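Here is what each chain is made of, one letter per residue.
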Amino acid sequence: MTDLTRFTAAELAEKIRGREVSAVEVTQAHLNRIAEVDGAVNAFLHLDAEGALAAARAVDEAAEPASALAGVPLALKDVLTTRDMPTTCGSKTLEGWVPPYDATVTRKLREAGMPILGKTNMDEFAMGSSTENSAFGPTRNPWDPTRIPGGSGGGSAASLAAFEAPLAIGTDTGGSIRQPGAVTGTVGVKPTYGGVSRYGLVAFSSSLDQAGPCARTVLDAALLHEVIAGHDPLDSTSIDAPVPPVVAAAREGLRGDLTGVKVGVVTEFAGDGYQAGVQRSFEAAVAQLRALGAEVVEVSCPNFTYALPAYYLIAPSECSSNLARFDAMRYGLRVADDGRHSAEEVMSLTREAGFGAEVKRRVMLGTYALSSGYYDAYYGSAQKVRTLIKRDFDDAFERVDVLVSPTTPTTAFKIGERVDDPLAMYLADLCTIPANLAGNAAMSVPSGLSDEDGLPVGLQIMAPALADDRLYRVGAAYEVARGSIIDRVPELKGATL
Amino acid sequence: MPNISRAEVAHLAKLARLAVTDDELDVFAGQLDQILDAVAKVGEVAGDDIPPTSHAVPLTNVFREDVVRPGLTQQQALAGAPAAEEGRFRVPRILGEEQ
Amino acid sequence: MTAVADLMDYDEVLERFDPVLGLEVHVELNTNTKMFCGCANLFGGEPNTHVCPTCLGLPGSLPVVNGKAVESAIRIGLALNCEIAPWCRFARKNYFYPDMPKNFQTSQYDEPIAFNGYLDVTLDDGEVVRVEIERAHMEEDTGKSLHVGGATGRIHGAEHSLLDYNRAGVPLIEIVTKPITGTGARAPEVARAYVSALRDLLLALGVSDVRMDQGSLRCDANVSLMTKDATEFGTRTETKNVNSLRSVERAVRYEMTRQAAVLADGGKVTQETRHFQEADGTTSPGRTKETAEDYRYFPEPDLVPIAPPAEWVGQLRGTLPEMPAARRQRIQTEWGLTAEELRDLFNSGAVDRVEATVAAGAKPGDARGWWINFLAQEANSREVELTALPITPGQVARVIELVSTGELTNKLAREVVKGVLAGEGEPDEVVEKRGLKVVSDDSALLAAVDEALAAQPDIADKIRGGKVQAAGAIVGSVMKATKGQADAKRVRELILERVGQG
Ligand SMILES: [Mg+2]
Ligand SMILES: [Zn+2]
């Protein structure tokens with residue numbers, strides 16, 4: 001039989017439904033693959049072979065499939081709580097912490113009969129664009145193990161590109177699903193803010209965080225999107241509206257016709273700082289969309305250039321508050337509890353020992369931006385920029401159905417290349433941040449390999465809030481026209497590097 | 001434009017409960033300065049006439065019914081605690097005063 | 001730190017300074033559940049048993065607003081004559097403290113749900129002072145810490161602390177006054193009366209248990225002094241958690257005399273929090289302004305704004321009970337009470353019962369008399385609240401009716417009430433069972449009178465001889481013989497008739 005790890009999730013689900021293979025076989029195949037290659041990739045922080053196989057067995061024994069993806073295993077970013085596995089967020093401060101509750105996303109996955117293989121590596125508390133900020137070592141990009149897999153959800157994206165999992169869950173605060181998707185040649189979707197419950201998603205920046213699907217095809221992403229999306233009364237910011245028909249839209253897109261669809265090219269996301277191969281790939285993608293029948297126009301979103309600075313005020317501000325709870329009192333790491341230090345000292349010493357450099361940097365940046373006397377100039381102004389970016393989107397979406405841009409300005413950079421230069425690192429999210437600030441939906445879909453370094457490039461598609469289905473229609477049409485690149489990922493050698 | 005001193009970084013670290021080292025003070029002073037310089041750009045377009053946006057999606061009045069839901073047992077609550085005693089979280093002596 | 005402060009004589013304080021007050025009251029709402037999660041809102045209980053991921057601040061947990069708490073907040077705002085914000089938000093107040101699970105308090109900052117109101121406060125002598133309300137906002141309570149080790153069981157000197165988060169997340173309404181000026185010597189009394197009036201109002205609204213002893217109503221008192229010629233307020237201190245009405249009064253008075261001494265000595269009042277010492281009525285210094293936290297407020301991103309629709313607010317306005325101050329006024333006018341009678345009535349805690357008794361047909365004077373006197377004594381001797389006595393206002397009204405129709409004497413009526421309290425049934429049943437009807441049959445009485453006269457011939461002679469007061473002894477004998485069921489007045493008439501003095 002063909003290696004079960006090479007199929008798409010849609011194919012696997014159909015085989016399991018048709019009893020052609022068992023869910024246990026599918027899950028075991030992926031566990032074997034993980035055992036074989038994860039030493040080289042480091043996509044996983046924890047594995048739960050037993051739990052995953054038990055869930056698979058339950059699917060095999062059930063009379064009716066629990067969902068369209070019943071029996072299809074997946075990888076879960078280690079920022080969503082799981083009551084039977086640790087949830088560390090890639091941080092020493094939460095090493096070994098097993099939450100007493102499941103995130104809503106986790107619960108929905110379980111209810112859908114999807115075995116959870118394990119928890120994936122990430123930049124600590126989702127702060128980063130390379131997964132180098134994990135306290136548990138970096139994840140490697142399966143396309144080139146000397147390069148980063150993107151971040152913060154590098155583990156989820158790499159697990160897909162390494163065929164360790166057919167599907168994965170990521171979270172996207174400034175591009176943490178889409179940018180890893182782009183640099184690993186996989187599909188990543190940030191749903192409309194409020195489309196997927198944040199209950200149990202350990203908060204980095206509450207007004208921006210959104211969980212979403214990671215997959216190797218657009219249809220697979222749509223199937224997973226429908227499993228995890230929907231209103232949740234436990235999340236006040238959850239939208240009480242029907243989930244957009246993303247699976248139907250993906251299937252519609254697969255017919256390869258975009259006649260009548262208006263596509264806007266964001267003119268701001270080009271020029272200095274954009275790798276030539278990325279630009280050429282993007283131009284080819286735009287030509288492809290036109291060939292599919294789409295009407296393509298240029299659209300200016302002048303305030304998008306202020307998105308990155310606004311983001312680096314809003315996200316650190318919110319994180320400085322969200323991460324205050326990691327204080328060594330109720331859970332997680334505690335150091336210096338020797339009877340000589342006060343609670344206050346233990347808090348400070350534990351936070352110093354438990355947080356990595358990027359987390360501390362952002363916590364201090366946010367503390368500064370919120371402090372009295374600076375609030376208006378920093379946090380307050382950033383919130384105004386947010387209004388302007390929303391207006392840019394509103395104006396654009398009066399003229400076009402979707403906007404497109406490169407997902408990232410460059411392909412995957414080398415591990416270690418930007419760790420000491422925060423500003424250079426932050427540029428990786430230049431194009432993805434506007435959608436987070438405005439709360440609308442966005443996707444990264446593979447747009448081939450850069451002609452200069454042979455590394456994957458992503459095409460970003462952006463749609464209005466609650467119009468997530470448009471992403472899937474355009475993404476699927478583009479995907480089918482452009483052809484898959486994932487089979488060109490080099491075979492990983494051995495368990496260690 | 002900001003010019004973050006070591007003393008200011010030390011103050012921020014204190015507010016944020018981070019026992020930063022001397023070396024970190026220097027590194028963070030330089031980096032925060034650099035980052036704040038870059039992000040101060042938001043002030044260019046943030047005019048008085050522009051309302052701030054705190055929430056991406058404009059929802060209001062999301063309320064819960066006043067009905068008791070099961071929570072955690074004491075054992076579950078304390079399971080992750082670094083130290084516990086008599087059904088309570090045990091913490092080092094508290095020096096500061098209640099707010 | 002522990003040096004005894006110099007204090008200025010109170011009269012001298014008032015000659016030289018004008019006090020300015022500001023009162024912040026925290027009220028725990030009596031909702032079923034906490035402010036942002038479905039945990040039970042219960043006082044006490046085994047530690048850490050009314051907790052969940054949200055009120056423990058576990059990573060990934062999220063708050064959802066308790067709609068009932070918002071309703072209570074709006075009703076409190078309306079009762080305090082406030083404007084209700086058409087749109088407002090929660091904010092995060094960031095500071096680290098072990099009893100606060102998230103290390104920020106979800107509160108309201110520059111957008112309180114209610115603002116710009118007032119409360120009319122009646123002082124003991126009937127004078128009414130209008131206290132202006134700055135705001136009333138929603139927030140959540142903290143957990144509780146138990147300090148272990150050290151001599152005092154207090155935070156200072158403790159070796160470690162134990163935390164219980166059952167109270168964490170309980171809904172609080174913080175009510176803040178505008179500066180209260182011009183109260184002069186009565187400042188401490190105004191402070192106490194304000195908290196007392198607020199307590200009555202919250203009780204009438206039914207939104208809180210308002211138990212100061214259990215911490216469901218807590219007061220922080222801001223006090224500053226202005227010299228007589230000053231145009232700006234002086235530096236204030238904030239005395240925290242003053243936990244009884246009497247303490248409120250004492251704390252304000254103490255701070256006035258302490259601050260005056262500092263100022264008179266050429267010193268400056270330090271802007272700081274202070275702690276009230278129940279034992280000796282003093283205050284001791286806490287955190288100064290210099291060490292105050294920078295709270296770094298910002299809008300709570302996990303909660304969406306609250307925009308109470310006007311119809312909802314209007315509907316809630318319709319649910320407001322008669323406000324205590326208005327009720328006092330109405331009762332005083334309707335029943336024609338003096339200020340003193342009114343005060344006694346309200347102090348008795350029996351106003352509701354008296355009103356209900358009047359509503360059941362009794363005269364206000366009779367109803368007041370029964371409840372404040374006889375029934376209050378009964379409650380006292382049984383060591384229960386007056387309202388806990390097993391007798392209804394309707395039953396009291398019936399007893400009063402039986403007295404007014406002459407079917408019972410006052411003495412018999414008390415017996416009947418005792419019977420009702422003993423669970424012997426309705427007043428009429430008690431009368432029946434105990435045989436307590438007034439003996440109004442003259443022939444039966446005459447027999448008793450004749451018997452008594454015959455038994456005490458010397459006294460009968462005295463009466464005949466004109467010593468009418470001697471009839472009292474015969475009356476006593478007759479009453480005894482009839483077990484008190486005779487109308488003493490009628491007995492006396494019959495005796496005098498019988499000996500020819502009628
Ligand atoms: Mg407060
Ligand atoms: Zn709770």
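Quick caveat: nothing in here was measured; it's all calculated off a predicted structure.

Draft legend 1. Region of the structure containing the overall build of chain B. The helix and strand inventory of chain B stands at 3 helices and 3 strands. What you see in chain B, going N to C, is helices and strands ordered as α-α-β-α-β-β. A compact globule built from 99 residues would reach a C-alpha radius of gyration of about 13 Å, whereas chain B, at 22 Å, exceeds it by more than 25%. Each of the three principal axes of chain B carries a C-alpha extent, and together these read 50 × 45 × 25 Å. For chain B, buried positions account for 43% of its 99 residues. When contacts within chain B are restricted to residue pairs at least 6 apart in sequence, those whose partners lie at least 24 apart make up 33%. As displayed, chain B has an accessible area near 5100 Å², and 50% of this comes from carbon and sulfur atoms. Distance from the positive charge centre (9 side chains) to the negative charge centre (16 side chains) of chain B: 10 Å.

Draft legend 2. Looking closely at the coordination of the magnesium ion (ligand 1). Residue and element names in this part refer to chain C. The protein atoms that coordinate the magnesium ion (ligand 1) are E139 (OE), E139 (OE) and E174 (OE), at distances of 2.0 to 2.6 Å. Separated by 35 residues along the polypeptide, E139 in strand β7 (residues 128–140) and E174 in strand β10 (residues 171–177) bring together distant segments of the chain. By relative accessible area, E139 is classed as buried at 3%.

Draft legend 3. Spotlight on the domain arrangement of chain C. When its domains are assigned, chain C resolves into domain 1 (10–291), domain 2 (324–434) and domain 3 (442–498). One C-alpha centre belongs to domain 1 of chain C, the other to domain 3 of chain C, and the line joining them spans 68 Å.

Draft legend 4. Fine view of the coordination of the zinc ion (ligand 2). Every protein donor of the zinc ion (ligand 2) is accounted for by C:C37 (SG), C:C39 (SG), C:C52 (SG) and C:C55 (SG), and the metal-donor separations fall at 2.3 to 2.4 Å. Here the zinc ion (ligand 2) is ringed by 4 donor atoms whose angles at the metal span 100 to 116 degrees, and the overall shape comes out tetrahedral.

Draft legend 5. The arrangement of the interface of chain B and chain A in detail. Counting residues at the interface gives 55 residues for chain B, matched by 66 residues for chain A. Our enumeration of links across chain B and chain A arrives at 1 salt bridge. The shortest N-O distance in the salt bridge between B:E24 and A:K360 comes to 2.8 Å. If you look at where chain B meets chain A, you find 15 residue pairs in polar contact (both at pLDDT 80 or more). For the side of chain B that touches chain A, the secondary structure elements donating two or more residues are α1 (6–15), α2 (22–39) and β3 (88–92) of chain B. A per-element tally of the side of chain B that touches chain A places α2(B) first, with 9 residues. Taken together, the residues of the side of chain B that touches chain A sort by class into 36 nonpolar, 10 polar and 9 charged.

Draft legend 6. Representation of the packing of aromatic side chains within the structure. All names here are of chain A. Taken as a whole and judged by the stated rule, the model has 22 aromatic pairs over all chains. Both rings, one in Y368 and one in Y374, keep their centres 4.3 Å apart while their planes meet at 25 degrees; by these two values the pair is stacked. Under the relative-accessibility criterion, Y368 is labelled buried at 4%. Relative to F397, the ring of F393 lies with its centre 5.7 Å away and its plane at 5 degrees, an arrangement referred to as stacked. Of this pair, F393 and F397 both sit in helix α13 (residues 376–399), separated by 4 residues, roughly a single helical turn. Among the aromatic residues, those joined into a cluster by ring pairs are W97, F125, F326, Y331 and F355.

Draft legend 7. Quick look at the sheet that holds strand β15 (residues 298–299) of chain C. In space, the 3 strands of this open sheet follow the order β5-β4-β15 (chain C), with antiparallel pairing throughout. The outermost strands of the open sheet, each flanked by one partner alone, are β5 (104–107) and β15 of chain C. Sheet topology note: the strand β4 (residues 91–94) of chain C/β5(C) ladder contains 4 bridges and is antiparallel. When the bridges of β5(C) are listed, C:R92 appears paired with C:T106. Packing of helix α10 (residues 307–322) of chain A onto the sheet brings it into contact with β4, β5 and β15 of chain C, and relative to β4(C) it is tilted by some 60 degrees.

Draft legend 8. Spotlight on the interface of chain A and chain C. On the side of chain C, 31 residues touch chain A, which itself brings 38 residues to the contact. Buried area between chain A and chain C, summed over both chains or domains, comes out near 2700 Å², and the portion from carbon and sulfur atoms is 59%. The largest share of the area that chain A buries against chain C comes from A:S236, A:R325 and A:R330, three residues that together contribute 24% of it. In this assembly, chain A and chain C are joined by 1 salt bridge. C:D302 is the partner of A:R198 in a salt bridge, and the nearest nitrogen-oxygen pair spans 3.0 Å. Applying the counting rule to chain A against chain C returns 19 residue pairs in polar contact (both at pLDDT 80 or more). Contributions of two or more residues to the side of chain A that touches chain C are made by α10, α11 (343–354) and α12 (357–370) of chain A. Split by residue class, the side of chain A that touches chain C holds 19 nonpolar, 12 polar and 7 charged.

Draft legend 9. Focus on the confidence of the model for chain C. Taken residue by residue, chain C gives an average pLDDT of 92. The fraction at 70 or more is 97%. Interface scoring of the predicted complex returns ipTM 0.97; its pTM is 0.90.

Draft legend 10. Structural detail: α10(A). For α10(A), with 16 residues, the first-to-last C-alpha span of 22 Å sits near the 22 Å given by 1.5 Å per residue. Most of α10(A) is tucked away, with 16 of its 16 residues classed as buried.

Draft legend 11. Structural context of the pairing of strand β1 (residues 17–28) of chain C. Residues and elements named next belong to chain C. Buried residues dominate β1, accounting for 11 of its 12 residues. Direction of pairing for β1 relative to strand β11 (residues 217–227): antiparallel, over a ladder of 11 bridges. When the sheet's bridge partners are listed, D18 is paired in β11 with M226. Taken together, the 5 bridges between β1 and β10 define a ladder with antiparallel strand orientation. From the neighbouring strand, E24 faces β10, where its bridge partner is V176.

Draft legend 12. Quick look at the environment of C:I306. Residue placement: C:I306 occurs in the loop between β15 and α5 (310–317). With relative accessibility at 2%, the residue C:I306 sits in the buried group. Each C-alpha atom of the pair C:I306 and C:I113 lies 8.4 Å from the other, and the pair is 193 residues apart in sequence. Beyond its immediate chain neighbours, meaning those up to four positions away, C:I306 contacts B:N61, B:F63, C:V70, C:P86, C:W87, C:C88, C:F90, C:I113 and C:M138.

Draft legend 13. Spotlight on empty space enclosed by the protein. Counted by the stated rule, this structure contains 8 cavities of 30 Å³ or more. Each pocket or cavity is described by its volume, and for the largest cavity that value is around 240 Å³. Lining the largest cavity are 27 residues, with A:R325, C:T54, C:S61, C:K102 and C:F104 positioned closest to its centre. Considered class by class, the residues forming the lining of the largest cavity number 14 nonpolar, 6 polar and 7 charged.

What counts as what
- Residues numbered from 1 in each chain as written.
- Chains lettered and ligands numbered in written order.
- Predicted model: local features only at pLDDT ≥ 70, side-chain atom pairs only at ≥ 80, totals over all residues.
- Heavy atoms only, no water.
- Helix = DSSP H or I, 4+ residues; strand = E, 2+ residues; numbered from the N terminus.
- Rg over C-alpha atoms; globule rule 2.2 N^0.38 Å.
- Buried < 20%, exposed > 50% of the residue type's maximum accessible area, 1.4 Å probe, protein only.
- Contact = heavy atoms within 4.5 Å.
- Areas by Shrake-Rupley, 256 points an atom, 1.4 Å probe, with all protein chains shown as cover.
- Lys, Arg positive; Asp, Glu negative; His and termini not counted.
- Charge placed at Lys NZ, Arg CZ, Asp CG, Glu CD.
- Donors = N, O, S within 2.8 Å, 3.2 Å for Na, K, Ca; no water.
- Domains from an automatic or database assignment.
- Tetrahedral: all angles 85-135°; square planar, octahedral: opposite > 155°, others 65-115°.
- Salt bridge = Lys/Arg side-chain N within 4 Å of Asp/Glu carboxyl O.
- Polar contact = N/O pair within 3.5 Å; in protein donor to acceptor, adjacent residues only side chain to side chain.
- Nonpolar A, V, L, I, M, F, W, Y, C, P; charged D, E, K, R; others polar.
- Phe/Tyr/Trp six-rings, centres within 6.5 Å; stacked < 30°, edge-to-face > 60°.
- Pairing = 2+ DSSP bridges.
- Axes fitted to C-alpha atoms, helices over the stretch in contact; angles between N-to-C directions.
- Buried area = accessible area lost by both parts, 1.4 Å probe.
- pLDDT = per-residue confidence, 0-100.
- Expected span 1.5 Å × (residues − 1).
- 1 Å grid on protein atoms, 1.4 Å probe; cavity = no way out; pocket = protein on both sides within 12 Å on 5 of 7 lines; lining within 4 Å.
- Points joined across faces, edges and corners; volume = space filled by probe spheres on them.

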